[in-house]
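# Examination of the molecular architecture
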Amino acid sequence: MESFTDSTELGGKKYYLYFQKFKNNLMEMKIRISNDTVYHWNDVKKKHQVFFGVNPKVGQTIGNGTIKKVGAKLKTPKGKLKDLLVIEMNYSNGMSDIRYYQKGLGLVAVKNNKGLISYHIPD
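Residues numbered from 1 in each chain as written. Predicted model: local features only at pLDDT ≥ 70, side-chain atom pairs only at ≥ 80, totals over all residues. Heavy atoms only, no water.

### Topic: the side chain of Arg-99
- Of note, Arg-99 is situated in strand 9 (residues 96-102).
- For Arg-99, a relative accessible area of 2% translates into the label buried.
- Of note is the side chain of Arg-99, whose polar atom sits 3.0 Å from the side chain of Tyr-91.
- Of note is the side chain of Arg-99, whose polar atom sits 3.0 Å from the side chain of Asp-97. (Helix = DSSP H or I, 4+ residues; strand = E, 2+ residues; numbered from the N terminus. Buried < 20%, exposed > 50% of the residue type's maximum accessible area, 1.4 Å probe, protein only. Polar contact = N/O pair within 3.5 Å; in protein donor to acceptor, adjacent residues only side chain to side chain.)

Shown next as structure tokens:
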């Protein structure tokens, strides 16, 4: 489940609180979009960081992740997703996952060491 809730001002910019719930895990992120770039607020460093931009490149570090593939495909129980941006995320609590983003939709799938834990069901 994904949702946007309240907004807040950080570093002079308006951020939206974004929540993702996967089984028993809840992740909160503060994000904003400016000029086709998605930023997140790094609570530890107290600054804006690029989450991902218009021209992602393999190996590029963005926030807590590293771009692993551009133009990827992923098979899910409900079909195939294509033209995906694949980002490996590593969190301060020791958890990690692989996130799949599709232009125009955003986050469409998440995998961890146990397998696919979330995915988009196309219309």
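### So, the nonpolar core
- Core analysis: the largest hydrophobic core is formed by 15 residues, its most contacted members being Met-29, Phe-51, Ile-87 and Tyr-101.
- Once you skip the residues sitting within four places of it in the chain, Phe-51 turns out to touch Met-29, Val-38, Tyr-39, His-40, Ile-62, Met-89 and Tyr-101.
- Within the second largest apolar cluster, eight residues are counted, among which are Ala-72, Leu-74, Leu-81 and Ala-109. (Core = buried A, V, L, I, M, F, W, Y, C linked by side-chain atoms within 4.5 Å. Contact = heavy atoms within 4.5 Å.)

### Some remarks on the pairing of strand 9
- Counting buried positions over the seven residues of strand 9 gives five, a clear majority of the element.
- Of the strand pairs in this sheet, strand 8 (residues 79-90) and strand 9 are connected by seven bridges, and their pairing is antiparallel. Looking at strand 9, one finds that Leu-84 is bridged to Gln-102.
- Connecting strand 8 to the next strand, strand 9, in antiparallel fashion are five residues, including Gly-94 with a positive phi near 95°.
- As defined by bridge partners, strand 9 adjoins strand 10 (residues 106-112) across five bridges and the pair is classed as antiparallel. (Pairing = 2+ DSSP bridges.)

### Focus: the confidence of the model for the protein chain
- Per-chain confidence: the protein chain averages 83 in pLDDT, with 88% of residues scoring 70 or above.
- Averaged over each element, pLDDT in the protein chain is lowest for strand 5 (residues 47-52) (76) and highest for strand 7 (residues 65-76) (94). (pLDDT = per-residue confidence, 0-100.)

### Observations regarding the environment of Thr-76
- Within the secondary structure, Thr-76 sits in strand 7.
- Taking the relative accessible area as the measure of exposure, Thr-76 reaches 7% and is therefore buried.
- With sequence-adjacent residues up to four places away left out, Thr-76 is seen in contact with Leu-81, Leu-116 and Tyr-119.

### Details of the sheet that holds strand 6 (residues 61-62)
- Ordered by their spatial adjacency, six strands build an open sheet running 6-7-8-9-10-11, and the pairing between neighbours is antiparallel. Two strands bound the open sheet, and with one partner strand each, they are strand 6 and strand 11 (115-119).
- Relative to strand 11, strand 10 is paired through four bridges, and the arrangement is antiparallel. Paired with Asn-112 across the bridge in strand 11 is Gly-115.

### Description of the side chain of Asn-42
- If you trace the backbone, Asn-42 turns up in strand 4 (residues 37-42).
- Under the relative-accessibility criterion, Asn-42 is labelled buried at 10%.
- Within the local environment of Asn-42, its side chain forms a polar contact with the backbone nitrogen of Lys-45, the two atoms lying 2.8 Å apart.
- With residues near it in sequence (within four places) discarded, Asn-42 still touches Lys-47 and Gln-49.

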